[in-house]
Amino acid sequence: MAACTVLVTPLLYVNKQSSLFYYKACNIHRQCVTKKISTSVSRCSSQADPQKKSRPHELVGVVGLEIHAQIQSNTKLFSGSKVGFSAPPNSLVSFFDASLPGTLPVLNRRCVEAAVMTALALNCTINKKSFFDRKHYFYADLPAGYQITQQRRAVAVDGQLAYSLLGGRKRNQIQSRTVRIKQIQLEQDSGKSLHDDQRSQTLIDLNRAGVGLMELVMEPDMSCGEQAAAAVRELQLVLQALGTCQGNMSEGQLRVDANVSVHRPGEELGVRTEVKNINSARFLSRAIDYEIQRQIGALGRGEAVLNETRTYDSKSGHTIPMRDKEGLQDYRFMPEPNLPPLVVYEDRGSVPAGLLGAEGVVVLEGLREGLPELPSVKRARLVRSYGLLPEHSFTLVNEDGLMEYFEAVVKETRKEPRKLIGWVTNELLGHLKHHNLSVSKCPVSPSALAELLELQEAGHISSTVAKQVLGEMWRDPGRRAPEVVREQDLGLVCDSSDLQRVCQRVLDSHPDLVRALQEGNKKVLNRLMGLVQKETKGRADPVLVRSLLEEKTS
Amino acid sequence: MLGIHQIYGRRRVQLNIILPLLCRYYYASRTDNMLSTNVKTLRKTRNTPSRPVTVARLYSSNKHNSKVPKVPTWEPLGEDRIPSLPQVSSDLVDKLERLALVDFRTKEGLVCLERAIRFADHLNMVDTTGVEPMDSVLEHGQLFLRGDTVTEGDCAEKLLPLSNTTVEEYFVAPPGNIPLPRREERASMLKHSEF
């Protein structure tokens, strides 16, 4: 009887403890669930739980983007003045850019090549003959009163941009989507105006006036901010890979205007509003989501959506109507009389004799062959050659320079790339993001990281210790992994007699756990291992400890 | 600005008187082999001259081979054959003034505009099926593509003095587009101006 009671009480004790544990676990789970609910509201319906189907009569957003990408060239589109950022005001302006009478436009070959290369990378049809037009409107930063653009026939039409979204609960499912590109055209940029509200004047700087822009008009194939941001990110990567645009949204090299409307699926498109003044991909997705919600709210209240231009205020996260510009603008498009049509030749054979050999000819064949490796091809190559998962290659290509870092580490270590990728994408990237650094400024060089991982692979240190050492190396860039390990004596304790003693000590001090283990509760083993690790300060080889404990308690 | 137009107007009037006199001085009714043999008798209408005009250079030894046809090859259209155009409404005129910053100040200006449109309507009589519209006389020319080297710029010291006001090397402009005053306000504004 006594024995029975002795047996029963520990059971009760264990049950109570485990019930406490269960309650705590429940709470944590509930917190996780609520956290998930709050974030899923901002995601679009395509991201939702697959079991929940979106109701057919709900309003969905429709988003089309107009992207202006500043062409990376030495000179401007129609004049020979330099293209630069942060130069003294009005110092990079020629007589044509200032629209002095008697000046004529002369087209820059590099800009045409940039537009054609971008069109080829996006699978567009190149128009062999395209025309230039004038778009007239009055504004102080447009000195001529018109902008030379291509409205009748653009350089390229009908393309496609394929982009991927990281979806699913753990953001590890790749969703591939495409957006159609209506056209790519060449146009001039306007100058920069700095508004001085105190003195009620605007200061005009014409350094940017006349710089070549590629306008990419996308069809309204997207339905929420996340998709738009992913598409823009992919476009940035493509343009940077081609070298036609640096794609820096904050510096104004890539400007995105979003056309947002809502409608019920199956019905015709609703009234759209244009959202301007978006300076980063994050703001883009927020602005679009806010605008969609605003329009749904307005329609729900019975108000109509106005066809207007709104500006995004990043501080408040709202879109605000811009100062109304006298209703709908009539741009009075007119063919540019000073520029004959732009002809792009398919191959050297179709160039008329007399022009061959001259610099002033754009030939598609040569450009097609000279296209560099596009991001999608890069990702496929990574997956193929290193056996990575698609979402890993996505992360590698997404961060500037991370792919080169990864390849450098792979070269210097015997570790398998699959195991290595976790270190690079989670640990290293985590540190970089935490300290807000780019890969080029990473204090840990690829060889240092390779050395550390070699130690871990060879079994000299455990993975938790390796993470600790990485932290140390981050703080003090000069030190190498073996030094740190030696100094802080973090090497794995492999000496089995030492470990035996530690295990025995732990087992002796927790007889109840031993008994629970012997009764069949396997989870207690983890607790015991945790205790052993605490004793050895994390230096015990987990595999050895586990086997020792199992041996001792069997 | 209007003052200059007035000066040109006067000069044009003078030219209008002088030039025909000069032309008549050169009239020569030469009957040598330069005249074409298929001179048709002209219909006497108000748009055609009363006798064939040949212009010759007095002291030139070359036989002048004029490309101008001896008789007009076109025939005038009757007003009724031009398709009629609806009247130009004042809203349209307002919009045109706002877009192009042109001033149709008076009723005569509007009448002039309507007659100009009527004159351009003659083009509707031409059959253009299958013919591509022309952009400019240079449209079959070769578009020259320039290489990407810096050849211009760095002339701020020449450009900035062109503006009345500059602030630290920036051009100065009003804070936004100043909206064109409405028609009634404009009329009163201009009444007090020197034009």
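None of these values were measured; they are calculated from a predicted model. Position numbers for residues start from 1 in each chain and track the written sequence from start to end. To read the labels, note that chains go from A and ligands from 1, taken in the order they are written. Only residues with pLDDT of 70 or above have their local features reported here, since the model is predicted, and side-chain atom pairs are shown and tallied only from 80 upward, although totals for entire chains, interfaces and linings are computed over all residues. Side-chain measures were taken over the full set of non-hydrogen atoms in the model, leaving aside hydrogen atoms and water.

**Student:** So what exactly am I meant to see when it comes to the packing of aromatic side chains here?
**Tutor:** Any pair of aromatic rings gets described here by the distance separating the centres and the angle formed by the planes. All names here are of chain A. For Phe, Tyr and Trp, rings pair up if their centres lie within 6.5 Å, where Trp contributes its six-membered ring, and each pair is then called stacked (planes under 30 degrees apart), edge-to-face (over 60) or tilted (otherwise). Per the counting criterion, the structure on display carries 6 aromatic pairs over all chains. Consider the rings of Y331 and F333, whose centres lie 6.1 Å apart with planes at 65 degrees: the pair is edge-to-face. Exposure is judged per residue with a 1.4 Å probe applied to protein chains only, and the accessible area is read against the type maximum: over 50% gives exposed, under 20% gives buried, and values in between give partly exposed. Judged by its relative accessible area of 28%, Y331 falls in the partly exposed class. On the basis of relative accessible area, F333 is assigned to the partly exposed category, the value being 36%. Grouped by ring-pair contacts, the aromatic residues F78, F96 and F132 constitute a single cluster. Geometrically, a charge over a ring is one whose NZ (Lys) or CZ (Arg) sits within 6 Å of the ring centre while staying within 35 degrees of the ring normal. When the ring centre of Y146 is taken as reference, the NZ or CZ atom of R134 above it lies at 4.0 Å.

**Student:** What is the right way to read the sheet that holds strand β5 (residues 133-136) of chain A from this model?
**Tutor:** What holds strands together in a sheet is hydrogen bonding between their backbones, with the strands either parallel or antiparallel. All names here are of chain A. Here we have 3 strands laid out as an open sheet, ordered β6-β5-β16, and antiparallel in their pairing. Looking along the sheet, the strands with just one partner apiece sit at the ends: β6 (146-149) and β16 (334-335). The pairing criterion for strands is at least two bridges between them, as found by DSSP. Put simply, DSSP marks the helices as runs of H or I at least four residues long and the strands as runs of E at least two long, and each gets a number from the N terminus on. When β5 meets β16, the two strands line up antiparallel, connected through 2 bridges. From the neighbouring strand, D133 faces β16, where its bridge partner is P335.

**Student:** Quick question: what am I supposed to make of a nonpolar patch on the surface here?
**Tutor:** Taken together, the side chains of M134(B), V137(B) and L138(B) present a nonpolar region at the surface, about 350 Å² in accessible area. With respect to the secondary-structure elements, L138(B) resides in the loop between α3 (107-120) and β1 (145-146). Patch members must show over 30% relative accessible area and no salt bridge, and they are joined within 9 Å when carrying like charges or within 5 Å when they are nonpolar side chains of Val, Leu, Ile, Met, Phe, Trp or Tyr. In short, Shrake-Rupley with a 1.4 Å probe defines the accessible areas, and a residue's cover is counted only from the protein chains shown. Here a salt bridge means any side-chain nitrogen of Lys or Arg lying within 4 Å of a carboxyl oxygen belonging to Asp or Glu.

**Student:** I would appreciate a short explanation of the pairing of strand β15 (residues 318-321) of chain A in the present structure.
**Tutor:** Regular strands show a simple pattern: their side chains alternate between the two faces of the sheet. Residues and elements named next belong to chain A. Relative to β15, strand β14 (residues 309-313) runs antiparallel, the two sharing 4 bridges. When the sheet's bridge partners are listed, D313 is paired in β15 with H318. Linking β14 back to β15 in an antiparallel pair, the connection comprises 4 residues, with G317 at a positive phi of about 80 degrees.

**Student:** I keep staring at the nonpolar core and nothing clicks. Help me out?
**Tutor:** Here is a general trend for soluble globular proteins: nonpolar side chains tend to be buried in one another's company. Residues and elements named next belong to chain A. In terms of nonpolar packing, the biggest core is built from 65 residues, with L65 and L186 touching the most fellow members. Setting aside anything within four residues of it in sequence, one finds L65 in contact with L216, V217, M218, M222, A228, V232, V256, D257, A258 and L284. Residues I421, V444, L452 and I461 belong to the second largest nonpolar core, which totals 37 residues. Take the buried residues of types Ala, Val, Leu, Ile, Met, Phe, Trp, Tyr and Cys, join any two whose side-chain atoms come within 4.5 Å, and each joined set is a nonpolar core. Here, two residues are considered to be in contact whenever any of their heavy atoms come within 4.5 Å of each other.

**Student:** Hey, could you run me through the sheet that holds strand β2 (residues 166-167) of chain B in this one?
**Tutor:** Strand order in this open sheet of 4 strands is β9(A)-β10(A)-β3(B)-β2(B), and the pairing throughout is antiparallel. This sheet does not close on itself; its edge strands, each paired only once, are β9 (192-196) of chain A together with β2 of chain B.

**Student:** Can you walk me through the packing of helix α2 (residues 109-121) of chain A against helix α3 (residues 225-242) of chain A in this structure?
**Tutor:** Residue and element names in this part refer to chain A. Two elements in contact, α2 and α3, have axes separated by 10 Å at closest approach and are oriented at 130 degrees. Relative to α3, the element α2 lies oblique. When the axes of α2 and α3 are compared, the crossing they make is right-handed. Across the interface between the two elements, M117, T118 and A121 from α2 touch V238, L239 and L242 from α3. Each residue gets one label: Ala, Val, Leu, Ile, Met, Phe, Trp, Tyr, Cys and Pro are nonpolar, Asp, Glu, Lys and Arg are charged, and the others, such as Gly, are polar. In the contact of α2 with α3, the residues fall into 5 nonpolar, 1 polar and no charged. A fitted line through C-alpha atoms serves as each axis, taken over the contacting stretch for helices, and the angle formed by two N-to-C directions is quoted from 0 to 180°. By the definition adopted for this analysis, an angle is roughly parallel if under 35 degrees, roughly antiparallel if over 145, roughly perpendicular if from 65 to 115, and oblique otherwise. By convention the crossing between two helices is left-handed if the near helix lies anticlockwise of the far one by an angle smaller than a right angle, and right-handed if it lies clockwise.

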